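Spelled out from the first residue to the last, the chains are:
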2 protein chains.
Amino acid sequence: MDVAIVGAGRVGTALATRLSAAGHNIVHRITRDSSSLLVDAPTCQLIVLSVPDPQLSDVVTALAPHVKRGHIVLHTSGAHGLDILDPIETTGAIVLAMHPIMTFVGGPEDASNLEGCYWGVTTTDELSDTIAELLVAELGGQMIRVSNNKRVAYHAALAYASNYTATVLSDARAQLADALQGSEDAAARVLRPLVEASIRNVLEAGPDAITGPAARDDVAMVQRHMGAIDDAGRRQAYRELARRTAELTGAHDVELWAHTGEQH
Amino acid sequence: MDVAIVGAGRVGTALATRLSAAGHNIVHRITRDSSSLLVDAPTCQLIVLSVPDPQLSDVVTALAPHVKRGHIVLHTSGAHGLDILDPIETTGAIVLAMHPIMTFVGGPEDASNLEGCYWGVTTTDELSDTIAELLVAELGGQMIRVSNNKRVAYHAALAYASNYTATVLSDARAQLADALQGSEDAAARVLRPLVEASIRNVLEAGPDAITGPAARDDVAMVQRHMGAIDDAGRRQAYRELARRTAELTGAHDVELWAHTGEQH
């Protein structure tokens, strides 16, 4: 299959690597600098739009006059569904929203991380659903269907799982390096087994797997922790995380303390 | 070696399993209900105090009159250092603060999770440091030295890494189950590869590995996420996590929005 990939970013690069390895021809890599090439993309059967969310609408508008029935056009945005592809759908082309549920760092692991990766997919009908299933399988992944009107809620969940987990662990790493008066690399090594056990437990059991001072309603210890965090921004995040932890685990004293700064 | 373990909780149980497997005799398991047995503990060379933090001081007070030079007494509390063991140290016994950097769920995996586990250890002198090193090695672990006055800062870092990571992932799991109109188990399966890649990246690179709308200063998307989160407590946590993410990544518009609710 001849493929055009619009977008020079991490996702486009990983997909190009993976599709090439599966025997497809990446005929065009169209970047912002070569956007006039958009008129050439329709020589390909498959056109992949992997551009930053804010640019997607403009790319669709530029591409729409050049596509027709028989083309498959997909975007890899998480939050967008099919609406943004309307100008293309009206040409009779197949449109898909096909989002890899993975984080991409710009290295060779990006392509290999696609192996076994889940894809959040929204389609218009049975035919496009079948095509999506074939494409996802070709990429070594597994397909998850997302309703068009649930894309943003779905994407918000992934922000929690990926971005905010990373934020919390950045703070953990820096706080531990301070406490041990050592490097952040050394702190990361110490944290790894604990973090891996914690995520295994919580993915299995949800809030029942949350342990520690906030979950066992130990206001005194939560307050001592706050007193031992020097960074003001980190301390503010700590307080809110203690509050949410208490809310999820029914730790009423910590919840009250987080709201009011007072103990029961 | 004859060992007495005070405390019937998860940590004490895992240590008993592990020490038995290493060929030691667990002579006493002393629980709250059998606290009169504290007078018998000193027939053992090693006395392990694995009780909840709020009870530790009372246990030390009850035990102190019965120990003497030649005993080794350790506690497994994370936040407490050596001060709480003062009444025992004055008897001439060796005292250690020896905290397993692990989360315990009350199952058989608790004992196996001690293999390769790091221990945060605080000791009084070279002899007690050597003893701690031998004990940690015997338990299959690795020793990390924590200054006595840094124990709370150290413990706060672990709360981030374990408890608050679990809180964020509980919300991710529930939010994704809602969005996919599926079960939390199914949502957890979808999240696992993403979460594993994210923690690998962030433990290696810190804040540089944080991606997503808040990190790339996309206020519009952060606001759309907020609009797609129905649970008010989850939404409040989302806002603070977006703020902290923006602070760590220099995303000024999102930071301002989180503070004021307004866009630049």
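Worth saying up front: this structure is predicted, and the values here are computed from it rather than measured. (Residues numbered from 1 in each chain as written. Chains lettered and ligands numbered in written order. Predicted model: local features only at pLDDT ≥ 70, side-chain atom pairs only at ≥ 80, totals over all residues. Heavy atoms only, no water.)

### Things to note about the interface of chain B and chain A
Reasoning step 1: Contacts between chain B and chain A engage 93 residues on the former and 93 residues on the latter.
Reasoning step 2: Each partner contributes to the roughly 8,400 Å² buried at the junction of chain B and chain A, and carbon and sulfur atoms together form 66% of this total.
Reasoning step 3: Contact with chain A buries area across many residues of chain B, yet B:Y160, B:Y164 and B:L203 alone supply 10% of it, more than any other trio.
Reasoning step 4: Seen at the junction of chain B and chain A, the total is 6 salt bridges. (Contact = heavy atoms within 4.5 Å. Buried area = accessible area lost by both parts, 1.4 Å probe. Salt bridge = Lys/Arg side-chain N within 4 Å of Asp/Glu carboxyl O.)

### Here we look at the sheet that holds strand β3 (residues 46-49) of chain B
Residues and elements named next belong to chain B.
Reasoning step 1: In space, the 7 strands of this open sheet follow the order β2-β1-β3-β4-β5-β6-β7, with mixed pairing throughout. Sheet topology places β2 (25-30) and β7 (142-145) at the edges, where each strand pairs with a single neighbour. Each strand of the sheet is rotated relative to its neighbour by a mean of 25 degrees, with strand direction disregarded.
Reasoning step 2: Two elements, β3 and strand β4 (residues 72-75), share 4 bridges in a ladder whose sense is parallel. Pairing of V48 across the sheet is with L74, part of β4. (Pairing = 2+ DSSP bridges. Helix = DSSP H or I, 4+ residues; strand = E, 2+ residues; numbered from the N terminus. Axes fitted to C-alpha atoms, helices over the stretch in contact; angles between N-to-C directions.)

### Points about the confidence of the model for chain A
Reasoning step 1: In the predicted model, chain A carries a mean pLDDT of 93, and the fraction of residues at 70 or more is 96%.
Reasoning step 2: For this predicted complex, the interface confidence score (ipTM) comes to 0.94, while the overall pTM stands at 0.93. (pLDDT = per-residue confidence, 0-100.)

### Quick notes on the relation of the copies chain B and chain A
Reasoning step 1: When chain B is fitted to chain A, the best match, at an RMSD of 0.0 Å, comes from turning it 180 degrees and sliding it 0.0 Å along the axis. When the rotation and shift are considered jointly, the pair of chain copies conforms to a two-fold rotation axis. If distances are taken from each C-alpha of chain B to the rotation axis, the shortest is found for B:T165, at 2.9 Å.
Reasoning step 2: Taken as a fraction of all interface residues of chain B, those also at the interface in chain A reach 100%, which identifies the copy contact as same-surface. (Least-squares fit on C-alpha atoms with pLDDT ≥ 70 in both.)

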